[in-house]
Amino acid sequence: MSSDTDPTADEEQAEAGPDRDASRRRADATLAERFAAETDRFVHLVELAAAAVFALLFGIGVVDLAIQIARAVPTGEITDPLVVIGFVETGLLLLIIVEVYETVVAYVQGRPTRTVVRLVVYTGVIAMVRKAIIFRTTEYASVLDALLAALAYAVLILGLVSLLLVERRTEESDDSLLG
């Protein structure tokens, strides 16, 4: 019999309705929680893979830098300032890779946001110092273009250093409040 003809069926559905709805909501919540957990696990694995890629890039870069230096020594190119600046540029690039690796690892390990942000700022400082070291006015169409680029680099470096100073002072004041 359908509920159209049996009034007791309507009463049974009405009584079972809230329980059934609550049960359905719990099942949906459990499904959503499982999906979120699986998605979180996938993202974590991708983060670990990214860390591994950066570690690999660093290793390859160190070997490449060693080979470049070994090739420059017998030819005498090691005394050329532009060649040495190239080595420094590569070394700073390797430091940037290490900082990005450290940032990814800190993020994966769930370190405090402050730690992750500090690592990002360090990476920015190293990147901007690298840009300043390899800066050549001859790479720009005009002296004005070179001056504007130099000013932009200076502003970025000052901004990053300011962030580091503010972060350090904030950390010191937090420590003094706790200790």
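Placed above this text is the structure.
Note that the structure is a prediction, hence the values are computed from the model and not measured.

Caption draft 1: Structural context of the overall build of the protein chain. Within the protein chain, the regular secondary structure consists of four helices and zero strands. Ordered by position in the sequence, the α and β elements of the protein chain form the string α-α-α-α. Burial statistics for the protein chain: of 179 residues in total, 20% are counted as buried.

Caption draft 2: Here's a closer look at helix 2 (residues 81-108). Helix length check: helix 2, at 28 residues, gives a terminal C-alpha distance of 40 Å against a target of 40 Å (1.5 Å per residue), a fit within 8%. Of the positions making up helix 2, those classed as buried are Phe 87, Thr 90, Leu 92, Leu 94, Ile 96, Ile 97, Glu 99, Thr 103, Val 104, Val 105, Ala 106 and Val 108. The residue sitting at the N-terminus of helix 2 and contributing the capping side-chain oxygen is Asp 80; that oxygen lies 3.1 Å from the backbone nitrogen of Leu 82. Of the residues flanking the end of helix 2, it is Gly 110, one or two places downstream, whose phi is positive at about 75°.

Caption draft 3: Layout of the side chain of Glu 47. Relative to the elements of secondary structure, Glu 47 occurs in helix 1 (residues 7-75). Here Glu 47 is buried and forms no salt bridge, its nearest opposite-charge partner Arg 41 lying at an N-O distance of 12 Å. Setting aside its immediate chain neighbours within four residues, Glu 47 contacts Val 104, Tyr 107 and Val 108.

Caption draft 4: Quick look at the pattern of salt bridges. Inspection of every chain in the model, using the stated rule, returns four salt bridges. In this structure, the salt-bridge partner of Glu 89 is Arg 130, at a minimum N-O distance of 3.1 Å. Linking Glu 89 in helix 2 with Arg 130 in helix 3 (residues 113-133), this pair joins segments that are 41 residues apart in sequence. Where Glu 167 meets Arg 118, a salt bridge forms, and the shortest distance between an N and an O atom there is 2.8 Å. Here Glu 167 is found in helix 4 (residues 143-178), whereas its partner Arg 118 is found in helix 3, with 49 residues between them in sequence. The buried category is assigned to Glu 167, whose relative accessible area is 15%. Since its relative accessible area comes to 18%, Arg 118 is described here as buried. Sharing partners across several salt bridges, the network here consists of Arg 114, Arg 118 and Glu 167.

Caption draft 5: The arrangement of the nonpolar core in detail. Membership of the largest hydrophobic core is limited to six residues, which are Val 121, Val 125, Met 128, Tyr 153, Leu 160 and Leu 164. Apart from residues no more than four positions distant in its own chain, Tyr 153 is found in contact with Met 128, Lys 131, Phe 135 and Tyr 140.

Caption draft 6: Spotlight on the packing of aromatic side chains. Applying the stated criterion across every chain, the model contains two aromatic pairs. Plain terms: the ring middles of Phe 135 and Tyr 140 are 5.5 Å apart, the flat faces sit at 35° to each other, and that makes the pair tilted. Arranged with centres 5.9 Å apart and planes meeting at 85°, the rings of Phe 135 and Tyr 153 form a pair that is edge-to-face. Separated by 18 residues along the polypeptide, Phe 135 in the loop between helix 3 and helix 4 and Tyr 153 in helix 4 bring together distant segments of the chain. Through successive ring pairs, a cluster of aromatic residues spans Phe 135, Tyr 140 and Tyr 153.

Caption draft 7: View of a nonpolar patch on the surface. A cluster of nonpolar side chains, contributed by Val 84, Val 88, Val 129 and Ile 133, occupies part of the molecular surface with about 240 Å² of accessible area. Elements with a minimum of two residues in the nonpolar patch: helix 2 and helix 3. Relative accessible area serves as the criterion here: at 33%, Val 84 is assigned to the partly exposed category.

Caption draft 8: Structural view of helix 3. Here helix 3 contains 21 residues, and its C-alpha end-to-end distance of 30 Å stays within 8% of the 30 Å for a straight helix at 1.5 Å per residue. Buried residues of helix 3: Val 116, Arg 118, Leu 119, Val 121, Thr 123, Gly 124, Val 125, Ile 126, Met 128 and Arg 130, and no others.

Criteria and thresholds
Residues numbered from 1 in each chain as written. Predicted model: local features only at pLDDT ≥ 70, side-chain atom pairs only at ≥ 80, totals over all residues. Heavy atoms only, no water. Helix = DSSP H or I, 4+ residues; strand = E, 2+ residues; numbered from the N terminus. Buried < 20%, exposed > 50% of the residue type's maximum accessible area, 1.4 Å probe, protein only. Expected span 1.5 Å × (residues − 1). Polar contact = N/O pair within 3.5 Å; in protein donor to acceptor, adjacent residues only side chain to side chain. Lys, Arg positive; Asp, Glu negative; His and termini not counted. Salt bridge = Lys/Arg side-chain N within 4 Å of Asp/Glu carboxyl O. Contact = heavy atoms within 4.5 Å. Core = buried A, V, L, I, M, F, W, Y, C linked by side-chain atoms within 4.5 Å. Phe/Tyr/Trp six-rings, centres within 6.5 Å; stacked < 30°, edge-to-face > 60°. Patch = residues over 30% accessible without salt bridge, like charges linked within 9 Å, V, L, I, M, F, W, Y side chains within 5 Å. Areas by Shrake-Rupley, 256 points an atom, 1.4 Å probe, with all protein chains shown as cover.

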